Number of protein chains: 2
Amino acid sequence: MNAEIINIGDELLIGQVVNTNASWMAQQLNDAGADVVHISCIADQGAAIMDAMASAIGRADLVLLTGGLGPTRDDITKKVLCDYFNTKLILDEQVLENIRSFFSRKGLPLTGLNRDQALVPEGATILENPVGTAPGIAFERNNKWIVSMPGVPYEMKHIMESYVLPRLVNGRKNYFIVHKTILTQGIGESFLTDKLSGWEENLPKDIKLAYLPSPGIVRLRLSMRGKNRASMQKVIFKQVRLLEEKIPQFIWGFDNDKLEEVVGKLLKKKSLSISTAESCTGGYIAHRLTSVPGSSHYFRGSVVAYDNEVKKDVLEVPGKLLKSHGAVSREVVERMAVGVRERLHSDFSIATTGVAGPGGGTEEKPVGTVWIAIATREKVISEKFQFGDQRDRNIIRTAFAALNMIRKALL
Amino acid sequence: MNAEIINIGDELLIGQVVNTNASWMAQQLNDAGADVVHISCIADQGAAIMDAMASAIGRADLVLLTGGLGPTRDDITKKVLCDYFNTKLILDEQVLENIRSFFSRKGLPLTGLNRDQALVPEGATILENPVGTAPGIAFERNNKWIVSMPGVPYEMKHIMESYVLPRLVNGRKNYFIVHKTILTQGIGESFLTDKLSGWEENLPKDIKLAYLPSPGIVRLRLSMRGKNRASMQKVIFKQVRLLEEKIPQFIWGFDNDKLEEVVGKLLKKKSLSISTAESCTGGYIAHRLTSVPGSSHYFRGSVVAYDNEVKKDVLEVPGKLLKSHGAVSREVVERMAVGVRERLHSDFSIATTGVAGPGGGTEEKPVGTVWIAIATREKVISEKFQFGDQRDRNIIRTAFAALNMIRKALL
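What counts as what
Residues take numbers from 1 onward in each chain, read along the sequence in its written order. All chains are assigned letters beginning at A, and all ligands numbers beginning at 1, according to the order in which they are written. Given that this is a predicted model, residues contribute local features only at a pLDDT of at least 70 and side-chain atom pairs are listed and counted only at 80 or more, while totals for whole chains, interfaces and linings are drawn from all residues. Side-chain metrics in this entry use all non-hydrogen atoms of the structure; hydrogen atoms and water are not considered. Per-residue accessibility, obtained with a 1.4 Å probe over protein chains only, is compared with the maximum for each type, and a residue is labelled buried under 20%, exposed over 50%, and partly exposed between these values. Helix and strand definitions follow DSSP, with helices as H or I runs of at least four residues and strands as E runs of at least two, each counted in order from the N terminus. The pairing criterion is simple: DSSP has to find at least two bridges between the two strands. Axis lines are fitted through C-alpha atoms, for helices just across the contact stretch, and the angle between N-to-C directions can take any value from 0 to 180 degrees. C-alpha atoms of residues with pLDDT of at least 70 in both copies form the basis for the least-squares superposition of the copies. In this analysis, two residues are considered to be in contact whenever any of their non-hydrogen atoms come within 4.5 Å of each other. Source of the domain bounds: an automatic or database domain assignment. Throughout, the term roughly parallel applies to angles under 35 degrees, roughly antiparallel to angles over 145, roughly perpendicular to angles from 65 to 115, and oblique to all others. Each crossing gets its hand from how the near helix is turned against the far one by less than a right angle, where anticlockwise is left-handed and clockwise is right-handed. When residues are grouped by polarity, Ala, Val, Leu, Ile, Met, Phe, Trp, Tyr, Cys and Pro land in nonpolar, Asp, Glu, Lys and Arg in charged, and all others, Gly among them, in polar. Pairing of N or O atoms within 3.5 Å defines a polar contact, subject to two protein rules: one partner must be a possible hydrogen donor and the other a possible acceptor, and residues neighboring in sequence count only if both atoms are side-chain atoms.

1. Re the pairing of strand S15 (residues 348-354) of chain B
Residue and element names in this part refer to chain B. Most of S15 is tucked away: 7 of the 7 residues are buried. In S15, alternate side chains face the same way, and those of Phe-348, Ile-350, Thr-352 and Gly-354 on one face and Ser-349, Ala-351 and Thr-353 on the other are all buried. The sheet contact formed by strand S13 (residues 274-278) and S15 spans 5 bridges and is parallel. Within S15, the position partnered with Ser-275 by the bridge is Ser-349. Summarising the sheet, S15 and strand S16 (residues 369-375) pair through 6 bridges and their orientation is antiparallel. By the bridge assignment, Thr-352 is partnered in S16 with Ile-372.

2. What about the sheet that holds strand S10 (residues 208-214) of chain B?
Sheets are built from strands paired through backbone hydrogen bonds, the pairs being either parallel or antiparallel. All names here are of chain B. Taken in spatial order, the 4 strands of this open sheet run S10-S11-S9-S12, and their pairing is antiparallel. Since the sheet does not close on itself, it has two edges, and those belong to S10 and strand S12 (251-254), each with one partner. Sheet twist, expressed as the average angle between the axes of neighbouring strands with direction ignored, equals 25°. Alignment of strand S9 (residues 176-185) against strand S11 (residues 217-226), held across 10 bridges, turns out to be antiparallel. Each residue of the ladder has a partner; that of Leu-183, found in S11, is Arg-219.

3. With respect to the relation of the copies chain B and chain A
Mapping chain B onto chain A calls for a screw motion: a turn of 180° about the axis and a shift of 0.1 Å along it, with 0.2 Å RMSD after fitting. As the rotation angle and translation indicate, the two copies are arranged about a two-fold axis. When the interface residues of chain B are mapped onto chain A, 99% of them are again interface residues, pointing to one common binding face.

4. Comments concerning helix H4 (residues 77-84) of chain B
Among the residues making up H4(B), those that are buried are Thr77(B), Lys78(B), Val80(B), Leu81(B) and Cys82(B). Looking one or two residues past H4(B), Asn86(B) carries a phi angle of roughly 55°, positive in sign.

5. Digging into the domain arrangement of chain A
Under the domain assignment used here, chain A contains domain 1 (2-171), domain 2 (176-254) and domain 3 (259-410). Between the C-alpha centres of domain 1 of chain A and domain 3 of chain A the distance comes to 44 Å.

6. Here we look at the packing of helix H11 (residues 259-269) of chain A against helix H16 (residues 391-410) of chain A
Each packed pair of helices is defined by two parameters, the angle between the axes and the distance between the axes. Residue and element names in this part refer to chain A. Packing of H11 against H16 leaves a shortest axis separation of 10 Å and a crossing angle of 25°. The angle between the axes of H11 and H16 places the two elements in the roughly parallel class. Between H11 and H16 lies a crossing whose hand is left-handed. For the pair H11 and H16, the contacting residues are Leu-259, Glu-260, Val-262, Val-263, Leu-266 and Leu-267 in the first and Phe-400, Leu-403, Asn-404, Ile-406, Arg-407 and Leu-410 in the second. Considered class by class, the residues forming the contact of H11 with H16 number 9 nonpolar, 1 polar and 2 charged.

7. Observations concerning the side chain of Glu260(B)
Residue and element names in this part refer to chain B. Within the fold, Glu-260 resides in helix H11 (residues 259-269). Judged by relative accessible area, Glu-260 falls into the buried class, the value being 2%. Reaching out from Glu-260, the side chain makes a polar contact with the side chain of Arg-288 at a distance of 3.2 Å.

8. Examining the sheet that holds strand S14 (residues 299-305) of chain B
Read across the sheet, 10 strands follow the order S17(A)-S16(A)-S15(A)-S13(A)-S14(A)-S14(B)-S13(B)-S15(B)-S16(B)-S17(B) without closing on themselves; strand pairing throughout is mixed. Each end of this open sheet is capped by a strand with a single partner; those strands are strand S17 (380-386) of chain A together with strand S17 (380-386) of chain B. Sheet twist, expressed as the average angle between the axes of neighbouring strands with direction ignored, equals 10°. Along the sheet, helix H15 (residues 330-343) of chain A contacts strand S13 (274-278), strand S14 (299-305), strand S15 (348-354), strand S16 (369-375) and S17 of chain A; its crossing angle with S15(A), the most-contacted strand, is approximately 145°. Most of the contacts of helix H15 (residues 330-343) of chain B go to S15(B), to which it runs at about 145°, and overall it touches S13, S14, S15, S16 and S17 of chain B.

Spelled out as structure tokens, the structure:
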């Protein structure tokens, strides 16, 4: 089944909002066996919505629209749906009841604008939205399936998960898409390509390979499509094994794994705790570790020692060391790691110090110079990295390099 | 001028990558006076690229493509451009030289794949890419302007900034788009709409208003288009003033302001320093504060006290308080704020404690219960919040609420 996504909203066309809805929807549709062939972002205008719907219905079996169903006056998708399907808006008592109960649960009054959200196109299937006020709206005409949902991410997700995806999974007819993504850290795209040149040429012809670089991480995606899911999975599995033999030092996970989750699972399995002492990463490693539900089982805390006084006072880095070697040095990062591990009574610790940029670089220690250390009860390991000149990328790359160091130490 | 963006890459259609390129490009094009009318994401396939280019050229004067120019074998945009414009690939010595110097600057060898990136369509304008290896490629035919760029964000940005945007700004003919975005915190979309109902009805007809909600923040965007930039700016300015009178307590910034930057500027201006003590936010506030270049001037550090022992040991929260009131309480959050301010010798501090979820909620303190305190030399202010049931949103909403509390205290 071919699917197409239409995201409605001027905020997308003027670039004020990043389209995370499209990527989430595409991923889910893919997993449910639908091929997303096109994603469009268009204006919150009648003619644009009309045109995009017509083109999409021409190309795809399933057309998903998001946006333009909110309570504010710039939202017009519902009216366009009525025009397109030649129907009119009527009040839906069930939807009104849901909206009423949504507001009373929150202890808030019901506004007139919110009451208008109970107006729905006559003849459409109404999809309940218990996490918001605008319901989803679905039409089925001439073997095409059109679903309009709110643009608020968690409301859209609720309707996708409770209605669209289950129906897709139940309705599919022996056509599958199999993806496997191999996650690497510590090697750039073109070097990885070179390293894999023998393997890549020998890939079966029906496997598609893609390199997906992002700061600190390169993902390798293998894809196949066809009728026999099990046999495709077997073919791909074999290639993954070959990759694991070829570049074991760079692979840390698969598919939607997150490095902080992989690290968290290892810590949990081994009943070990962790803490971080962060200078250049400024709390970003702690943030990633604590973004994982249940991280309180192994994450004890962090000391973000941005100022050298904090390195001295809280982490007990000797002032002498700071003076003689500078804050960005092996000596200091190792003491930071030891200091936080002892101070917070954790089994493992990570420490970072570096020049994130854009200022602060010197001839000897240019922007992008980073030291990372990990400490355990037995030892301290430290490593120097030379990243680039962009602050945000340097912070992310440092965090991934640090998390991967701790992952390796835990194995 | 109408512009259209085509982002090429299977990774977008299977949702593995969020399309941040499109939002950045759209924003820049808008600022340069071009109207983005359509954004498409399509597959890395000849036919799809061909079709999308033809449709886009039909609708827009400027068509920008990204992706499919990398060194790996799944990248085919260049070949499609040759087919579309009826030309062939030739070796460009200047590009080869750039690639060579790019690799030698990094102290890396030149691979055969990277050498192939010096092959460019004959007759095209070649756009230098000093920050990467694949050059940009531009064609001008029948008053249409087509530019193909790498998909790597900072390489694309370089070509946009050095070539596309300057030409747009120089070439425009008295047609402007004026946007003003008002940033609010602490009020939901529909309540804001209600609060603004009198003002909204009286807006001049040629001003377009949009509500853009995201976790913790609602943006209000006013837009006008026309020939007289100065007069449009004046009309919009007047409406912003009215808004500032109507909802002063919720407005914290404008346009692309970030709350952490606004707070940082205030701290810098007043020569004050700040620290954070974070439980439920797990370092996220410290991360946001330190994402701002130059934040080392006012940010001293943070204690992420995830474990109660860290609250006791490092922040000196009395064990008795933790026992009698629980970690999520006014008493504890205030002591955390005082503790970190004293420990890290800062003028101001922020402390957070709460139930981020999904686990850990109780009847009395359900998931989403959050206490935030700020401490100064003179006083401690604390406030309780009831957010929702999603961990990631709760962390973000807590951070924004905390940053806005500190902003207000600094005024």
